[in-house]
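Structure at a glance
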Amino acid sequence: MRFLSIIIAIASSIIASATPPEGYTLVWEDNFEGNMLNRNNWNVEINGTGCGNQELQYYVDNDTTVNVSEGNLEISALRSRYKHCDFISGRINTLGKVEFKYGIVEARICLPKTANGLWPAFWMMGSDIRSIGWPRCGETDILEMGHSNGIKDNASEHLFNGALHWGESNDCHRQTVGDCTNPYSLQDGDFHIWRVEWTEDSIKMYVDDCPTPYLDESIDTTTDKFSYFHKPNFILINLAVGGMFPNILNPDGITALQGSNQATMKVDYVKVYQKTNSINLTYNHL
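Residues numbered from 1 in each chain as written. Predicted model: local features only at pLDDT ≥ 70, side-chain atom pairs only at ≥ 80, totals over all residues. Heavy atoms only, no water.

As for the pairing of strand 12 (residues 139–145)
Summarising burial for strand 12: seven of the seven residues are buried, a large majority. Two strands pair when backbone bridges link them, and strand 11 (residues 118–126) and strand 12 are joined in this way by five bridges, in the antiparallel orientation. Of the residues in strand 12, the one forming a bridge with M124 is T140. Note: strand 12 against strand 13 (residues 159–166), five bridges, orientation antiparallel. The residue bridging E144 from the neighbouring strand is N161, located in strand 13. (Buried < 20%, exposed > 50% of the residue type's maximum accessible area, 1.4 Å probe, protein only. Helix = DSSP H or I, 4+ residues; strand = E, 2+ residues; numbered from the N terminus. Pairing = 2+ DSSP bridges.)

Comments concerning unusual backbone geometry
Residue A115 is joined to N116 through a cis peptide bond whose omega torsion reads -10°. Looking at where N116 falls in the secondary structure, it is placed in the loop between strand 10 (103–110) and strand 11. The step from W134 to P135 runs through a cis peptide bond, and the omega angle for that step is 10°. Note that P135 resides in the loop between helix 1 (129–132) and strand 12. In this structure, Y102 is a non-glycine residue whose phi angle is positive, near 75°. With respect to the element layout, Y102 can be found in the loop between strand 9 (98–100) and strand 10.

Let's talk about the environment of F32
One can find F32 in the loop between strand 2 (24–30) and strand 3 (43–44). Linking F32 and D268, residues 236 residues apart in sequence, is a C-alpha distance of 6.9 Å. Contacts of F32, omitting those with residues within four sequence positions, involve L37, W42, V68, G71, N72, L73, V267, D268, Y269 and V270. (Contact = heavy atoms within 4.5 Å.)

Some details on the nonpolar core
Of all hydrophobic cores here, the largest spans 58 residues; its most connected members are F122, W194, I235, I237 and V270. In this view, I235 contacts W28, W42, I92, N93, T94, F100, V105, F122, W123, M124, V270 and V272; residues no more than four positions away in its chain are not counted. Core analysis: the next-biggest nonpolar cluster, separate from the first, contains seven residues, L95, A121, M125 and C137 among them. (Core = buried A, V, L, I, M, F, W, Y, C linked by side-chain atoms within 4.5 Å.)

Focus on the layout of surface pockets
Its boundaries defined by the atoms lining it, the largest pocket holds a volume of some 790 Å³. For the largest pocket, the lining is made up of 34 residues, of which N53, W119, E139, E144 and H165 are closest to its centre. Only strand 8 (91–93), strand 11, strand 12, strand 13, strand 14 (174–181) and strand 18 (233–241) provide two or more residues apiece to the lining of the largest pocket. Among the residues making up the lining of the largest pocket, the classes are represented as 17 nonpolar, ten polar and seven charged. (1 Å grid on protein atoms, 1.4 Å probe; cavity = no way out; pocket = protein on both sides within 12 Å on 5 of 7 lines; lining within 4 Å. Points joined across faces, edges and corners; volume = space filled by probe spheres on them. Nonpolar A, V, L, I, M, F, W, Y, C, P; charged D, E, K, R; others polar.)

Thoughts on the side chain of D30
With respect to the helices and strands, D30 occurs in strand 2. Separated by 2.8 Å, the side chains of D30 and W42 make a polar contact. (Polar contact = N/O pair within 3.5 Å; in protein donor to acceptor, adjacent residues only side chain to side chain.)

A closer look at the packing of aromatic side chains
Scanning all chains against the criterion turns up nine aromatic pairs. Between W28 and W42 the ring centres are 6.0 Å apart and the planes differ by 65°, which places this aromatic pair in the edge-to-face class. Of this pair, W28 sits in strand 2 while W42 sits in the loop between strand 2 and strand 3; the two residues are 14 residues apart in sequence, bridging distant segments of the chain. Judged by relative accessible area, which is 3%, W28 ranks as buried. Overall, W42 belongs to the buried group, its relative accessible area being 0%. Seen from their ring centres, W119 and F245 are 4.8 Å apart, and the 10° between their planes marks the pair as stacked. In this pair, W119 sits in strand 11 while F245 sits in the loop between strand 18 and strand 19 (262–275), placing the two residues 126 residues apart along the sequence. For F245, a relative accessible area of 10% translates into the label buried. In this structure an aromatic cluster arises from ring pairing among W28, F32 and W42. Looking at K271, its charged tip hangs above the ring of Y269, at a distance of 4.6 Å from the centre. (Phe/Tyr/Trp six-rings, centres within 6.5 Å; stacked < 30°, edge-to-face > 60°. Lys NZ or Arg CZ within 6 Å of the ring centre and 35° of its normal.)

Below is the structure:
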């Protein structure tokens, strides 16, 4: 079967649910209903390369690492030998299925305890990654937790960041990091809302109902980031084990998967809103 591409261009084609922010319309969402992942929305990655970050897990496609249950996406990392890796986990993306330029992207996420060694992430990349590679595609990290600074300062449940990555090659890779130490735990067993507001001029990121963005960057024509953040993007969600972010490159350093040998990141929903008079989203389905 071939993909059928639907360009959503008018409000009558928009999914009607929830109350959108003023001036915006909900253009796409996944509430993870039923008992299986909607493969019309998501690709499940299979990858044991370390993903350029020396990660220690092998991303596999099975019900243990990527599951939908009780209205939530569940991505689980396990201490389980698979090929050359000591851990398995899950990573999903919407590349080629749901892609959009600009908008408010939001997810309601319940995070596992990350210390030491887990690295949950909710992020976006330019849809042209296959043709031009990284970092030329541009990368927008809306949520990352488990950084080595949080481990060092005993603040893993509070310290998090968003980030932008761009550049013409690895040699000239540039980044902006908006790190924050939250006043309350974000690994408390409850769901928290992570949101990016991406416009023609800026990228701003928020957690829960905090009015102050933890990352606020201009991407207009006056910046060197301009050519990297004005094109369609796709969404990624994953739970990495080890790697350069937590600065744990040896399986023996992973303490987060001791005892139960499993940790799970839950996602209640992912939503994309766009300005009502400027909708730019492509949804490809089988």
